[in-house]
Structure formats: structure tokens, C-alpha cells
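Coordinate inspection notes
Spelled out from the first residue to the last, the chains are:
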Amino acid sequence: MNEDSNQLEVSESPADTTFDCYIHGTSPVKNARSSHRKYFNCILQKKDEAIRVVCFSSQKPTELTTLQVTKIPVRVTNFSKTNTGDINLDNQTKFTPLSNQPFAYSDTLTANGTVLISSLAQVAVEQLVTVKAEGMHVSGVKKTPTLCQRVLSKQEVTIRDPTSSVKVILWGSWVNSLQSNKTYLLQNLRVKTNKNERYLNTAKIEKFLFQEVEPFQVPLAEVDPTNETASITGKIVAVQQVTNTIACITCNKNVVPIPEDDTLALPRSTSQRRKRYEDNGHPCLTPLLKEKKSDAHLLFSTQLLMLLWKSLKQAIN
């Protein structure tokens, strides 16, 4: 779901035309960066899940805020679905209050105050939370390319409290903010999820706040050391060799230019070339070729090599 998209891609065959829910976490109205459309977010608590949706309407916040405060269940109709299954609301969407409760209201979806790490499983994804936790493992800083052709610094920190532990990803200027064995009050961390786990992320818009506080006076949760990924920070002092190959961006196969026509190329393998002619497959155009870089032999500093050797001996022993 893209909040900044100029045009919604609506599925031609939506799976549902109505559903019952409670309203949580209605945000202020915002302006989309690219389209300048007004929108806001809210969380819809359905029977079996909670989903974060976008509403492209400046008229609905008051209505939804009232439904949120009164905790009245509603039936939602006239909504749209994107091709990825995300729900979008607009001026035509209707919220009809229900006289009976179809299921129980959940107080844990919208985080208020400081939350325990163990309760993050009940907090809706994309919610901003505040946690008090001790820093455990702090990884090295990595450079990560983004879809906007930018490179951002990224660092992973494992934190824990008396109930559980969770991974926090620090982005950009927030890397190196946290240290191991220190206790912090962390504010404006966004709850994220992937296929394997939930984790916390520094938000793009809301400012991440952290403050060192008094340590816990009770035992903290044990962290499985096998879940930690060891990392070593070092400096590359030279590049010994880089091997380049050329590949087609369509079929992703290694190719060689055709001497008779500098605008075309063929697969390197003889069998692949024969198959290309038999199947009348697409020609590999040299203007569309991409360069695949591989087999970079790097020279590391002596200190880093000694550290690697020491780590290897410890692993063997």
C-alpha cells in the first residue's frame, strides 16, 4: 500500500464487501509527499486480526475519532481494495454502529505509555511504542541501498526487559545511539513485522527519543546467544582483483557481443546459443546489458586478520 500514490489500483473482485471492526489509533490528517492528497491512518480491529489502513478523506477523522473513543463496534462498507489486498477508505466509506458486540474490544492494540516487550505481539503493526529496556548485542553499522537510490546507515540492537527481548533497527543518524549493558527509555519506535518475527524500527517522520535511565531491579529475560549474529568491524585497505562479466537484464544469462552487430549479444554457452536460435528467443540487446561484478578479492588490515584468526581458533576449540 502506497500512501503517496496518485491513483489507487482497485481489485476487480474484492474478497469481502463488508466487515465488522473496532476503530483504534486514528492519526492526524497528513499530506502525501508526491500527490499532496490528504490522508490519515487508523487501525481496524477485526475478529481475527488488526490491520492498519489509509483513509483518503479529510471528512472522516472526526467520525472515526468519536467511534474510537466510545469503543463502539461498526460495520464497514463501500471500501476499496488494492491489488495487494490492502484496504483503502475514502469519503464513500460508511461506518454503521452495531447494537451488539460481535467480539471483544482489545485494549492492547493501541499502545499507551510504556509497554513490555512481551506485549508487542498484541500491539498492531506500524504502531509507535515506548519501551524501557537494556541494550544487549550491538551490531556493526552497515550501509544499505534504498529504492530512492540513497544509501542509509543501518544498525541492529537487541534489547531486553524482564519479560522478553526484541531486535531494534536504528537507521541513519540514529546509529551508534545505544550501547550494551545500559538501560534506556526508548520512544517513537515503530512496530514492524516480517515472516519470522516482530521487531522495532526508528520511524521516518516521528523523532526517535532515547534517554538513559535507572537499571531494572529485577532479573531480565535471558537472550539465546545462538540467535545473535556475530559481526566484526574492519577497514578494507585495498582491492586486489575484481572480475567483471556481462549479462542480459531480460534473461539474466552471461552473454558475449556479436562481432557482426554491436547492438546484439548471445549467451556464452554454445548449447544456450543453439537453443536461442531454435526457440527464436529474444535477442540480447547490448544497450540493455548490465554488468555483473563478482569475485572481489579484498586485502584487510593486519589487525583485522589477527582478529579473524583469533575468532576462528575460538570456534574450533
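Because the structure is a prediction, the values reported are computed rather than measured.

It is worth spelling out the overall build of the protein at this point. Of regular secondary structure, the protein possesses three helices and 20 strands. A burial count over the protein gives 32% of its 317 residues as buried. Put simply, 60% of the contacts in the protein that link residues at least 6 apart link residues at least 24 apart. When the accessible surface of the protein is summed, it comes to about 20000 Å², and 50% of that surface belongs to carbon and sulfur atoms.

Here we take up the nonpolar core. Considering soluble globular proteins, one finds that nonpolar side chains tend to be buried as a cluster. In this structure, Leu-120, Val-129, Val-131, Ile-159, Leu-186, Leu-189 and Leu-200 are the most contacted members of the largest nonpolar core, which totals 19 residues. Contributing elements (two or more residues each) for this core: β9 (128-138), β11 (151-160), β12 (165-171) and β13 (183-193). Leaving out residues up to four positions away in the same chain, Leu-200 has contacts with Leu-120, Val-129, Val-131, Ile-159, Val-166, Lys-167, Val-168, Ile-169, Leu-189, Arg-190 and Val-191. Phe-40, Cys-42, Val-74 and Val-76 belong to the second largest nonpolar core, which has 17 residues in total.

Mapped onto the elements of the fold, Leu-64 is located in helix α1 (residues 61-70). For Leu-64, a relative accessible area of 0% puts it in the buried group. Counting along the chain gives 22 residues from Leu-64 to Cys-42, while the straight-line C-alpha distance between them is 8.5 Å. When residues no more than four places from it in sequence are discounted, the contact partners of Leu-64 are Ile-23, Thr-26, Phe-40, Cys-42 and Phe-95.

Moving on: the packing of aromatic side chains. For any pair of aromatic rings, geometry is given as the distance between the ring centres together with the angle between the planes. Tallied over the full model, the rule gives seven aromatic pairs. Between Trp-174 and Phe-208 the ring centres are 5.6 Å apart and the planes differ by 85 degrees, which places this aromatic pair in the edge-to-face class. Pair noted here: Trp-174 is in the loop between β12 and β13 and Phe-208 is in the loop between β14 (198-202) and β15 (209-212), with a separation of 34 residues, a long-range link. Judged by relative accessible area, Phe-208 falls into the buried class, the value being 1%. Here the aromatic rings of Phe-208 and Phe-210 are separated by 5.6 Å at their centres, their planes lie at 25 degrees, and the arrangement is stacked. Residue class for Phe-210 comes out partly exposed when judged on its relative accessible area of 34%. Following the ring pairs from residue to residue traces out a cluster consisting of Trp-174, Tyr-184, Phe-208 and Phe-210. A cation over an aromatic ring shows up here: Arg-37 above the ring of Phe-56, its NZ or CZ 4.3 Å from the ring centre. Note that Lys-132 overlies the ring of Phe-216, its terminal NZ or CZ placed 4.6 Å from the centroid.

This brings us to the environment of Ser-80. Checked against the element boundaries, Ser-80 lands in strand β6 (residues 80-81). C-alpha separation for the pair Ser-80 and Gln-92, spaced twelve residues apart in sequence, amounts to 9.8 Å.

Right, let's get into the environment of Ser-27. Mapped onto the elements, Ser-27 comes out in the loop between β1 (18-24) and β2 (30-31). Take Ser-27: its relative accessible area is 15%, and that puts it in the buried class. It is 6.2 Å that separates the C-alpha atoms of Ser-27 and Cys-42, two residues lying 15 residues apart in sequence. Contact partners of Ser-27, with chain neighbours within four places excluded, come to Phe-40 and Asn-41. Separated by 2.9 Å, the side chain of Ser-27 and the backbone nitrogen of Asn-41 make a polar contact.

Attention shifts here to unusual backbone geometry. Look at Lys-71: it is not a glycine, yet its phi comes out positive at around 60 degrees. Relative to the helices and strands, Lys-71 resides in the loop between α1 and β5 (74-77).

Of all residues in the protein, 64% have pLDDT values of 70 or greater, and the mean over the chain is 76. Note on residues 273-281: pLDDT is under 50 here. Beyond four places in sequence and across chains, it has eleven contacts. A low-confidence stretch, residues 285-296 (pLDDT under 50), is modelled with 37 contacts involving residues beyond four sequence positions or located in other chains.

Within α1 the residues assigned to the buried category are Pro-61, Leu-64 and Leu-67. In an axial view of α1, the angular spread of the buried residues amounts to 130 degrees, which keeps them on one side of the axis. Exposed side of α1, more than 90 degrees from the buried face: Thr-62 and Val-69 are the residues found there. Where α1 is buried, its residues meet β1, β3 (38-45), β5 and β8 (94-97). Just beyond α1, the residue with positive phi is Lys-71, at close to 60 degrees.

Rules used in this analysis
- Residues numbered from 1 in each chain as written.
- Predicted model: local features only at pLDDT ≥ 70, side-chain atom pairs only at ≥ 80, totals over all residues.
- Heavy atoms only, no water.
- Helix = DSSP H or I, 4+ residues; strand = E, 2+ residues; numbered from the N terminus.
- Buried < 20%, exposed > 50% of the residue type's maximum accessible area, 1.4 Å probe, protein only.
- Contact = heavy atoms within 4.5 Å.
- Areas by Shrake-Rupley, 256 points an atom, 1.4 Å probe, with all protein chains shown as cover.
- Core = buried A, V, L, I, M, F, W, Y, C linked by side-chain atoms within 4.5 Å.
- Phe/Tyr/Trp six-rings, centres within 6.5 Å; stacked < 30°, edge-to-face > 60°.
- Lys NZ or Arg CZ within 6 Å of the ring centre and 35° of its normal.
- Polar contact = N/O pair within 3.5 Å; in protein donor to acceptor, adjacent residues only side chain to side chain.
- pLDDT = per-residue confidence, 0-100.
- Arc of directions from axis to C-beta.

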